[in-house]
Amino acid sequence: MNLTSRRTLLTSVAAAAATLPLLNDLAGNGSTAAAATTADNFPSNSALYSSSEYQEGTHWMRRFRTHPRAELFDNVSATSDPVRSTAVIAPHGGGIEAGTSELCLTLAGYSRVGAGTDPVAETGVPQRDYWMFEGLASSSALHVTSTHCDDPAALAVCGNNMYAVSLHGFAPDAGTPAKQILIGGRDQRLMRNLGAAFAAHGLKTGNSNSALDVTVLIAGVNSPLNGDDPANIVNRTRTGAGAQLEISTELRRAMFGDFSSASARRTTAGVGTANQAHFWNGFVGAVREAVDRHERGLDSL
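Residues numbered from 1 in each chain as written. Predicted model: local features only at pLDDT ≥ 70, side-chain atom pairs only at ≥ 80, totals over all residues. Heavy atoms only, no water.

(A) Summary view of the overall build of the protein chain. Along the backbone of the protein chain there are 9 helices and 7 strands. The buried share of the protein chain, reckoned over its 301 residues, is 51%. Contacts in the protein chain between residues at least 24 apart in sequence constitute 76% of all its contacts with a sequence separation of at least 6. Counting every atom, the protein chain has about 13,300 Å² of accessible surface; 52% of that belongs to carbon and sulfur. (Helix = DSSP H or I, 4+ residues; strand = E, 2+ residues; numbered from the N terminus. Buried < 20%, exposed > 50% of the residue type's maximum accessible area, 1.4 Å probe, protein only. Contact = heavy atoms within 4.5 Å. Areas by Shrake-Rupley, 256 points an atom, 1.4 Å probe, with all protein chains shown as cover.)

(B) Geometry of the pairing of strand E3 (residues 130-135). Here E3 lies mainly inside the structure; 6 of its 6 residues are buried. For strand E1 (residues 60-65) and E3, the ladder comprises 6 bridges, and the chain directions are antiparallel. Counterpart to arginine 62 in the pairing with E3 is phenylalanine 133. Where strand E2 (residues 86-94) meets E3, 5 bridges bridge the pair, whose relative direction is parallel. In the strand pairing of E3, glycine 94 is matched with glycine 135. Where the polypeptide runs from E2 across helix H4 (residues 100-107) and back to E3, its parallel neighbour, the crossover connection is right-handed. (Pairing = 2+ DSSP bridges. Right-handed = clockwise from strand over helix to strand, strands pointing away.)

(C) Examining the packing of aromatic side chains more closely. Applying the stated criterion across every chain yields a total of 8 aromatic pairs. Their ring planes at 40° and their centres at 5.7 Å tell us that phenylalanine 256 and phenylalanine 259 sit as a pair that is tilted. The class of phenylalanine 259 is buried, set by a relative accessible area of 15%. Between the aromatic rings of phenylalanine 256 and tryptophan 280, the centroid separation amounts to 5.4 Å while the plane-to-plane angle is 65°, which identifies the pairing as edge-to-face. (Phe/Tyr/Trp six-rings, centres within 6.5 Å; stacked < 30°, edge-to-face > 60°.)

(D) The arrangement of the environment of tyrosine 49 in detail. Tracing the backbone shows tyrosine 49 in helix H3 (residues 45-49). Once residues within four sequence positions are removed from consideration, tyrosine 49 is found in contact with Trp60, Arg62, Trp131, Phe133 and Asp151.

(E) Summary view of helix H9 (residues 274-295). Under the 1.5 Å per step criterion, the end-to-end length of H9 is 31 Å for 22 residues, consistent within 8% with the ideal 32 Å. The buried fraction of H9 is high, at 16 of 22 residues. Where H9 terminates, the next one or two residues include glycine 297, which has phi positive at roughly 85°. (Expected span 1.5 Å × (residues − 1).)

(F) The arrangement of the sheet that holds strand E7 (residues 243-248) in detail. The 7 strands are arranged E1-E3-E2-E4-E7-E5-E6 in an open sheet whose pairing can be described as mixed. Strand pairing shows two members of the sheet lacking a second neighbour, E1 and strand E6 (215-218), which therefore form its edges. The sheet shows a mean angle of 15° between the axes of neighbouring strands, taken without regard to direction. One ladder, built from 5 bridges, connects strand E5 (residues 180-185) with E7; its direction is antiparallel. Bridge pairing in E7 links glycine 184 to glutamine 244. The strands that helix H5 (residues 152-159) touches are E1, E2, E3 and strand E4 (163-170); relative to E3, the one it contacts most, it runs at about 150°. Relative to E4, H9 is tilted by about 155°, and along the sheet it contacts E2, E4, E5 and E7. (Axes fitted to C-alpha atoms, helices over the stretch in contact; angles between N-to-C directions.)

In short, the description is geometric, and any link to function would need to be established separately.
Pasting the structure below:
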C-alpha cells in the first residue's frame, strides 16, 4: 500500500471510530446491559480463594506468565521500535465468560492449551504478559468484579506493564444487536485505536453481508460497563490506564466452530464457516493492530 492510499485508509478508519455511538445512546444508559450489575458472592479474589466451598484445581484455576524485561535501547535515526509493554488479561475466563481465555492466550501470542500444558509461543507476533482467572465449570458464583480484583499475580502482571487490555463477556439489553463490542477503560488513545482497528477489520455495521455485522460501542460515563474506575484491574498499570473489551455472548459464540466446552473452543477458534473465521480473525487482528499502534505512540485520530 502506498503512502497516499494508506493515509486515505487511516483517515477513513479514524473517522469511523470518531463516530462510534456511546452505549448510553443505544442501550438505555447501559443500566441493564449485563448481569454484571448483580452482586457477587465474594467481595474479592482473596475471599474466593479462602473459601472452603470453591477449591483451586476443582472449581477454579489461575494461569499467568510474565517475561523478563530486557534493557530498552534505540539509537536508529530513521525508525523507532515500539515499547512492547501491554498485558492481556481475562478476569472471568473458563466457564464464567466463555471464550475469553482462548482470546487471552491468542492475543498474548501463545497457543491455546489447557491446564498442565505449557503454551507454545506463536511465531511472528510478540509475546505478552497475561493473566487469567478461569472457572472450571459454568458458574456465575465465581465472578469477582474487576474493581475488586486483588489477585497478586494479576496485580504483578498489570503493574509491570505500561498498558493492559482486558477481555470480558456480557449479555446485551433486549432489543439491541446480538453481536456487540463495548470499548471501555481509562486509556482514551488505546480505546480510539481499538475502535478504528475493529472497523478496519470488518467488525462494524453496514457490511455487504449483514450476517457479518458487529455493533461497536464506546461505553458511556453512565454505563456500569465503562471500565473507567481506577481500581479496575485493567487500569492498575504503570500508566494508571487500560482498555476493557466487553464482548457479547453471541459474538463470542460466533467465533468458534464448537462453543460447548473449553477443549472444543481451543480447537475450533475461527474454524468452521467463513463467518467464524471473520469474527475470530477480525477480533484478534484488530486488537493486535490497535495495541501495536498504541505502543508506537500513534493515535487513530
